[in-house]
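A look at the structure
Next come the chains, spelled out residue by residue.
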Amino acid sequence: MKPDHAPENTHTADELLLTHADAPLTIEQRLTGVAMLLIVLISLGNVIVRYLTAQSFAATEEFSIALLIILAFLGSSTAIAFDRHIRVTFFIDKLPPRWQAAADWLSFAVTAGLFGFIAFYAGHLAWDNYRFEETSPALGVPQWWYSVWMPILAVVIVLRLIATRLRKDR
C-alpha cells in the first residue's frame, strides 16, 4: 500500500531494474564497462608490479584519473538515457501537476545549460592544451588526450537530455 503523498509514477528499485534488464546495452553502458576494465587492469598491474619489485607505476595514475572522469560522464549519460538521474523531489511531488511539469522543464533547462557550459569551456581547455602543446606531468603525453573527452561527452549528455525530453513529451 502506497502512502497518500507518494506520486503515481513511483517504482521500486526492483521494478526499475526489471524494466531495463531486457533492454539492449547502450553505447554508454558498453564504454563504461571498457573504462572500468581499463581502470581495474591498470590498478591490478600496479599492485602486482609493486608487490614483485617494491616499485610503483605512479605515472599510470594519470590514465586512471582520466578514465574516472570519462566514467563519471558516461554514467551521467546512462542515467539520463533511462531517466534515472538524481533528483530530490520531496517538494516537487507536493505541487500540482502543472507546477511539476514546469519544474521538470526547469530541471531540463538547467541541466542542459550546465553541460552546454561544460562542453564550451572544456572545449576551449582541450584546444588550448593542443595549441600550446602541453604535456602531462608524469608520462609526457599530450594533455589534450585527456581533456578532449570532457567536451565530447558533455555534448553527448546534452543530446541524451534532449532525446529523453522528446521521449517524455510524446
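The structure under discussion appears in the preceding block.
Residues numbered from 1 in each chain as written. Predicted model: local features only at pLDDT ≥ 70, side-chain atom pairs only at ≥ 80, totals over all residues. Heavy atoms only, no water.

Another aspect to go through is the packing of helix α4 (residues 97-131) against helix α6 (residues 149-169). Their axes nearest at 7 Å, the elements α4 and α6 cross at an angle of 160°. Viewed along their axes, α4 and α6 adopt a mutual orientation that is roughly antiparallel. Taken as a pair, α4 and α6 cross one another with a handedness that is left-handed. Contact residues: α4 offers Asp104, Trp105, Phe108, Thr111, Ala112, Phe115, Gly116, Ile118, Ala119, Ala122 and Gly123, while α6 offers Met150, Pro151, Ala154, Val155, Ile157, Val158, Leu161, Ile162, Arg165, Lys168 and Asp169. Classifying every residue of the contact of α4 with α6 by side-chain character gives 15 nonpolar, three polar and four charged. (Axes fitted to C-alpha atoms, helices over the stretch in contact; angles between N-to-C directions. Helix = DSSP H or I, 4+ residues; strand = E, 2+ residues; numbered from the N terminus. Parallel < 35°, antiparallel > 145°, perpendicular 65-115°, else oblique. Left-handed = near helix turned anticlockwise from the far one by under 90°. Contact = heavy atoms within 4.5 Å. Nonpolar A, V, L, I, M, F, W, Y, C, P; charged D, E, K, R; others polar.)

On the secondary structure map, serine 136 appears in the loop between α4 and α5 (144-147). Setting aside residues up to four positions removed in sequence, serine 136 forms contacts with Glu62, Val141, Gln143 and Tyr146.

Helical periodicity: at 3.6 residues per turn, an α-helix aligns residues three or four positions apart in one direction. When the terminal C-alpha atoms of α6 are compared, their 30 Å separation across 21 residues agrees well with the 30 Å that a helix rising 1.5 Å per residue should span. Looking only at α6, the buried set comprises Pro151, Leu153, Ala154, Ile157, Val158, Leu161, Thr164 and Arg165. Looking straight down α6, one finds its buried side chains confined to an arc of 165°; they lie on one side. Opposite its buried face, α6 presents the exposed residues Leu159 and Leu166, each directed more than 90 degrees away. Where α6 is buried, its residues meet α3 (61-81), α4 and α5. (Expected span 1.5 Å × (residues − 1). Buried < 20%, exposed > 50% of the residue type's maximum accessible area, 1.4 Å probe, protein only. Arc of directions from axis to C-beta.)

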